[in-house]
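In case you want the letters, here they are:
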Amino acid sequence: MGSKTAARNAQDDGGRRDVYKGAMSSASPDLRTVHVDLEARAYDVLIGAGILGGLGDFLAAGTFREPVAIITDARVGALLGERTQNAVLAAGLSSFMIEVPPGEGSKSLEVLAHLHSRLARNKVPRSGTIVALGGGVIGDLAGFAAASYLRGIHFVQVPTTLLAMVDSSVGGKTGVNLPEGKNLVGAFHQPKFVVADLDALATLPPREFAAGMAEVIKYGAIADRALFDRVANGVTAEDDDLAEIVEKCVAIKARIVEHDEFETKGERALLNFGHTIGHAIEKATGYSRYLHGEAIALGLRAAAWLSVWESGLPEAEAKKIEAALLDNDLPLELDRKVDREAVLAALGNDKKVASDGGNRWVLLSKLGEAKSGCEISLEVAAKAIERLVA
Ligand SMILES: NC(=O)c1ccc[n+]([C@@H]2O[C@H](COP(=O)([O-])OP(=O)(O)OC[C@H]3O[C@@H](n4cnc5c(N)ncnc54)[C@H](O)[C@@H]3O)[C@@H](O)[C@H]2O)c1
Ligand SMILES: [Zn+2]
């Protein structure tokens, strides 16, 4: 792209941003924006209550073409499908909706192929747009459909779970699972725009909200002591400062992704704090006993103690992490029925996969400060897992 064209595009983008920000801030006076600065792939994450209605204005102001494919799951579709479609129609754009069954099972090659066919049958062009309306499952699935259909079309994330708002809708990781493992097929494909309407959280089951809080606690622990202290006493969907909390998490993720978009430099690995043992627990329990955030809560507790033993985290701060998990209705103790040997074995597998670069363990030196690439022996890891049933 010549520099004149780039400058013109930047101006166009600026104009478009004014249009949609205007539309959304009239819906939500407390609108917050986090810019993810990835040069040609830069985008805004808009956070506020009641902003879904502005979605159509953004699409109409941009270079998006009809029809707009709204991909959602049946549960979210029943709650928010009509409102989303009306927002698109009101802006004069045609749209159609594709619903898939709720749950991780939809993150599959089969469902992906179904989406590709529906997009082709509806003649969605390269300039068309996919709107991913739902939690992380829909964001990952619809995002990968957008990355792969016609070698890549535009997509917009409309996250409806707390986890998707603070984590999965930002950063461009998309993909599906294989029977052989989670997220084994995918692509980096950044959205054009993220609309996090906090009103959507009103219908989210408390257990799902709590699962999202595990990631929020993670952000505070790795990067923002003040955020950690705020959320440590518990957060609910009704809290006045929820927009600010979501904004802080998104900003932390955005800064990390800006420095390490493709996870080649170790920085993005910081987001994996609590995830090494968390993932092993999910794997050892067949991805059914715990929600992702619940397994991460257990992983955060284990990583806190590993940090005490191996990287100088004061014991009092590990106890603060435990208290924060408890006060956000997250599990602290691993179900005794879970085979701890299997959890350890799942870690061992992980190690083989990661033998190219390490970066497996993220530990804290204090609350708000993390480092990646820490070496931990399996014996010490086993001790941390045992601590979860002590
Ligand atoms: N791409 C990334 O960077 C990234 C990061 C973290 C997690 N993920 C992925 O995210 C997925 C988990 O996402 P999730 O926790 O959002 O799960 P999810 O998408 O399965 O949503 C959880 C449940 O809540 C329901 N739901 C969603 N929004 C609702 C609402 N507003 N009201 C009522 N019910 C609602 C859904 O139908 C579903 O049953 C996993 O597949 C994980 O791998 C991806
Ligand atoms: Zn996670």
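Parameters and conventions
Residues numbered from 1 in each chain as written. Chains lettered and ligands numbered in written order. Predicted model: local features only at pLDDT ≥ 70, side-chain atom pairs only at ≥ 80, totals over all residues. Heavy atoms only, no water. Helix = DSSP H or I, 4+ residues; strand = E, 2+ residues; numbered from the N terminus. Expected span 1.5 Å × (residues − 1). Buried < 20%, exposed > 50% of the residue type's maximum accessible area, 1.4 Å probe, protein only. Donors = N, O, S within 2.8 Å, 3.2 Å for Na, K, Ca; no water. Contact = heavy atoms within 4.5 Å. Salt bridge = Lys/Arg side-chain N within 4 Å of Asp/Glu carboxyl O. Core = buried A, V, L, I, M, F, W, Y, C linked by side-chain atoms within 4.5 Å. Near = heavy atom within 4 Å. Polar contact = N/O pair within 3.5 Å; in protein donor to acceptor, adjacent residues only side chain to side chain. Areas by Shrake-Rupley, 256 points an atom, 1.4 Å probe, with all protein chains shown as cover. Nonpolar A, V, L, I, M, F, W, Y, C, P; charged D, E, K, R; others polar.

Draft legend 1. Quick peek at helix α5 (residues 136–148). Between its first and last C-alpha, α5 extends 18 Å over 13 residues, near the 18 Å set by a 1.5 Å rise per residue. The buried fraction of α5 is high, at twelve of 13 residues. Residues of α5 that are buried: Gly136, Val137, Ile138, Gly139, Asp140, Leu141, Ala142, Gly143, Phe144, Ala145, Ala146 and Ala147. Just downstream of α5, Leu150 is the residue with a positive phi angle, here 50°.

Draft legend 2. Summary view of the coordination of the zinc ion (ligand 2). With distances of 1.9 to 2.1 Å, the protein atoms coordinating the zinc ion (ligand 2) are Glu215 (OE), His275 (NE2) and His292 (NE2). In primary sequence terms, the donor set of the zinc ion (ligand 2) follows E-x59-H-x16-H. Taken together, the positions of His275 in helix α10 (residues 275–284) and His292 in helix α11 (residues 292–311) put the pair 17 residues apart, joining distant regions of the chain. For His292, a relative accessible area of 24% corresponds to the partly exposed category.

Draft legend 3. Inspection of the side chain of Thr174 at higher detail. Of note, Thr174 is situated in strand β7 (residues 173–178). The contact partners of Thr174, leaving out residues within four places of it in the chain, are Asp140, Gly143, Phe144, Ala147, Phe155, Val185, Gly186, Ala187 and His189.

Draft legend 4. Looking closely at the pattern of salt bridges. Inspection of the entire model under this criterion finds 21 salt bridges. Here Glu247 and Arg32 are joined by a salt bridge, their closest N and O atoms 2.6 Å apart. Of this pair, Glu247 sits in helix α9 (residues 242–259) while Arg32 sits in strand β1 (residues 32–36); the two residues are 215 residues apart in sequence, bridging distant segments of the chain. What makes Glu247 partly exposed here is its relative accessible area of 21%. Note on Arg32: relative accessible area 21%, which makes it partly exposed. Where Glu215 meets Lys218, a salt bridge forms, and the shortest distance between an N and an O atom there is 3.0 Å. Highlighted residues: Glu215 and Lys218, both in helix α7 (residues 206–223), separated by three residues, approximately one helical turn. Of the two residues, Glu215 and Lys218, neither departs from the other in class, the shared state being buried.

Draft legend 5. Representation of the nonpolar core. Counting residues in each nonpolar core, the largest one holds 81 residues, and the members touching the most others are Val45, Ile47, Leu55, Leu59 and Val246. A per-element tally of this core places α9 first, with ten residues. Within the second largest apolar cluster, 24 residues are counted, among which are Tyr290, Leu344, Cys374 and Ala384.

Draft legend 6. Broad picture of the site of ligand 1. In the region of ligand 1, 25 residues are neighbours, and Arg75, Glu104, Thr160, Thr161 and Thr203 sit closest. Note that a nitrogen atom of ligand 1 is positioned 2.7 Å from one of the side-chain N or O atoms of Thr160. Relative to its free-state accessible area of 870 Å², ligand 1 is covered by the protein chains to the extent of 89%. Going through the elements one at a time, α3 (74–90), α5, α6 (162–168) and β8 (181–188) are the ones with two or more residues in the shell around ligand 1. Each residue belonging to the shell around ligand 1 can be placed in one class, and the counts come to eight nonpolar, seven polar and ten charged.

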